[in-house]
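In case you want the letters, here they are:
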Amino acid sequence: MKRLFLYIILLAAQLTCLAQTNPKIDSLYAYLKAKGVATDYFIYKDGSGLRKEISLTFDLNDESLPPVVVDARTDSAFTVFYANHKDAYKQIRRTLRELQDDAQESYSYEYHKDGADTVAITMALRSKAKDDVRIFSNRKYKEIWHAPEFVQLFYNNFPANIRKNRLSPVGMVSFRYDGIIDTSTVAKKDFNTKQFLKVITPILRKGCTSKRTMLCKHDSTFNYKEFRDSVKYGLGFTMYEENYSADVKHSGESSFTIYKFKDEAKGKSTLNQIMECAQKYITDNPNESYWMRFDNSLFSSSPVDMFKGYLCSDDNNDVPLRKRSELVICAAKTGNGFYIITDVCWGEDCFPQEWNKLKRFVNYEKVYYDEEL
């Protein structure tokens, strides 16, 4: 047991070192986390190597308006909340100005007129060759969306006529950083979903209070857009991921196992064990493709993705895509308990919003359990 504990400590230290990238970005992340704006970052492995991503979206509010009154009292927390977001936006702009001097390619666009405000800043910070940078262009500005290291910032304000009350934001900020932190190993194989589930399933079964399964399946006759437009809010999907491969023909199957923990502390402890198993597994299998969330301490009633085992485009193409599955592990916290969910999916993945009620969801037909989990 002591040996395993020491292994986990050394592994965590190794991943912490890997997570350190551009010093200015690391400093910015620390600032944003202290302000409560950033809550996590992601590590993932693809064909270019091991990468780190910081991605966040937040609103800006008008601080000049009177304080918010909640339950007949002035709530100063809103004032602090608004100020922290404003400071975060300023710090991001300041950091990008510092990075711009050394950027290989940089594009910026600003428009401030007739009540409309738009800011778009995107840059490639380093690259081996020109071909490493992929650029998307529209009528207004260029956007770098992939490079060995790149950063993006977008801001758009909301028209005054849609701000219905004091709590309505004046605009939205979107920030993303993505950079290679290790090129010594690249993803060359599909993630082995079956092998990893053998490791974590006994841990989940031992710790949970109860569990359920849910099957979501659709074929080429299912029209996602028509379905989305036909149902009320809360009765559709929290996520629908389209796979454009001709092999799957816009169809998919997602097999869920939902583990419920009445004790939140027990649920989070089990989730930590699962993430430790994931860290050990990806270290022992360095050629497999994956995505992992780090530094996260917040959970919502909507499931939050914690780990994903991906297919790799460089894997054996002789194996039909129909026989190659991906894995998603997510967690959620509601008034009923803490949940860990495993999703083994083939083709297009869909996660229903009624995940704690459904037994089956095949094309347009739903079958429910008698009681909510």
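Given the structure is predicted, the values throughout are model-derived calculations rather than measurements.

(A) Examining the overall build of the protein more closely. Along the backbone of the protein there are six helices and 20 strands. A burial count over the protein gives 44% of its 373 residues as buried. In the protein, the proportion of contacts linking residues at least 24 apart, taken out of those at least 6 apart, comes to 68%. Within the structure as shown, the protein displays about 20200 Å² of accessible surface, and the carbon and sulfur contribution to it stands at 50%.

(B) Region of the structure containing helix H4 (residues 193–207). For H4, with 15 residues, the first-to-last C-alpha span of 21 Å sits near the 21 Å given by 1.5 Å per residue. Isoleucine 200 marks where H4 bends most, by close to 35 degrees; the proline proline 202 follows one to four residues later. For H4, the set of buried residues is Thr193, Phe196, Leu197, Ile200, Thr201, Leu204 and Gly207. Buried residues along H4 sit against strand S13 (252–261), helix H6 (264–284), strand S15 (304–309), strand S16 (326–334) and strand S17 (337–347).

(C) Examining the nonpolar core more closely. Counting 58 residues, the largest nonpolar core has Phe58, Leu96, Phe175, Phe196 and Phe307 as the members making the most contacts within it. At seven residues, H6 tops the list of elements feeding residues into this core. Residues in contact with phenylalanine 175, not counting those within four places in the same chain, are Leu28, Ile54, Ser55, Leu56, Ile92, Leu96, Val151, Gln152 and Leu153. Judged by nonpolar contacts, the second largest core, of 17 residues, contains Met214, Ile258, Cys350 and Trp355.

(D) How the structure looks around the packing of aromatic side chains. Applying the stated criterion to the full structure yields 19 aromatic pairs. The cationic tip of lysine 52 hangs over the ring face of tyrosine 41; the distance from NZ or CZ to the ring centre is 4.7 Å.

(E) Inspection of the pattern of salt bridges at higher detail. One pass over the structure, following the stated rule, counts 13 salt bridges. Note that arginine 93 and glutamate 110 form a salt bridge whose closest N and O atoms lie 2.8 Å from each other. Linking arginine 93 in helix H3 (residues 76–100) with glutamate 110 in strand S5 (residues 105–113), this pair joins segments that are 17 residues apart in sequence. Two residues, aspartate 284 and lysine 280, come together in a salt bridge whose shortest N-O distance is 2.7 Å. Remark: lysine 280 and aspartate 284 occur in helix H6; sequence separation between them is four residues, near one turn of the helix. Residue aspartate 284 is classed as partly exposed on the basis of its relative accessible area of 44%.

(F) Region of the structure containing unusual backbone geometry. In this structure, asparagine 363 takes a positive phi of about 55 degrees despite not being glycine. By the secondary structure assignment, asparagine 363 is in the loop between strand S19 (358–362) and strand S20 (365–368).

(G) Structural detail: the side chain of glutamate 326. Relative to the assigned elements, glutamate 326 resides in strand S16. Taking the relative accessible area as the measure of exposure, glutamate 326 reaches 15% and is therefore buried.

(H) Representation of the pairing of S17 within the structure. Counting buried positions along S17 gives ten out of eleven residues, so the element sits mostly inside the fold. Summarising the sheet, S16 and S17 pair through nine bridges and their orientation is antiparallel. Paired with threonine 334 across the bridge in S17 is glycine 337. Between S16 and S17, which pair antiparallel in sequence order, lie two residues.

(I) Molecular detail of the packing of helix H2 (residues 23–34) against H3. Closest axis-to-axis distance for the H2/H3 pair is 10 Å, and the angle between their directions is 175 degrees. Judged by the inter-axis angle, H2 sits roughly antiparallel to H3. In contact with Lys24, Ile25, Leu28, Tyr31 and Leu32 of H2, H3 contributes Asp87, Ala88, Gln91, Ile92, Thr95, Glu98 and Leu99. Split by residue class, the contact of H2 with H3 holds seven nonpolar, two polar and three charged.

(J) Examining the pairing of strand S14 (residues 290–294) more closely. Judged by how many residues are buried, S14 sits mostly within the fold: five of five residues are covered. Judged by which residues are buried, S14 turns out to be covered on both faces: Tyr290, Met292 and Phe294 on one side and Trp291 and Arg293 on the other are all buried. Two elements, strand S1 (residues 41–46) and S14, share five bridges in a ladder whose sense is antiparallel. Across the sheet, the residue bridging to lysine 45 is tyrosine 290, located in S14. Pairing of S14 with S15, which is carried by three bridges, proceeds in the antiparallel orientation. Among the inter-strand pairings, tyrosine 290 is bridged to a residue of S15, identified as glycine 309.

Calculation rules
Residues numbered from 1 in each chain as written. Predicted model: local features only at pLDDT ≥ 70, side-chain atom pairs only at ≥ 80, totals over all residues. Heavy atoms only, no water. Helix = DSSP H or I, 4+ residues; strand = E, 2+ residues; numbered from the N terminus. Buried < 20%, exposed > 50% of the residue type's maximum accessible area, 1.4 Å probe, protein only. Contact = heavy atoms within 4.5 Å. Areas by Shrake-Rupley, 256 points an atom, 1.4 Å probe, with all protein chains shown as cover. Expected span 1.5 Å × (residues − 1). Bend = angle between axes of the 7 residues up to and from the residue. Core = buried A, V, L, I, M, F, W, Y, C linked by side-chain atoms within 4.5 Å. Phe/Tyr/Trp six-rings, centres within 6.5 Å; stacked < 30°, edge-to-face > 60°. Lys NZ or Arg CZ within 6 Å of the ring centre and 35° of its normal. Salt bridge = Lys/Arg side-chain N within 4 Å of Asp/Glu carboxyl O. Pairing = 2+ DSSP bridges. Axes fitted to C-alpha atoms, helices over the stretch in contact; angles between N-to-C directions. Parallel < 35°, antiparallel > 145°, perpendicular 65-115°, else oblique. Nonpolar A, V, L, I, M, F, W, Y, C, P; charged D, E, K, R; others polar.

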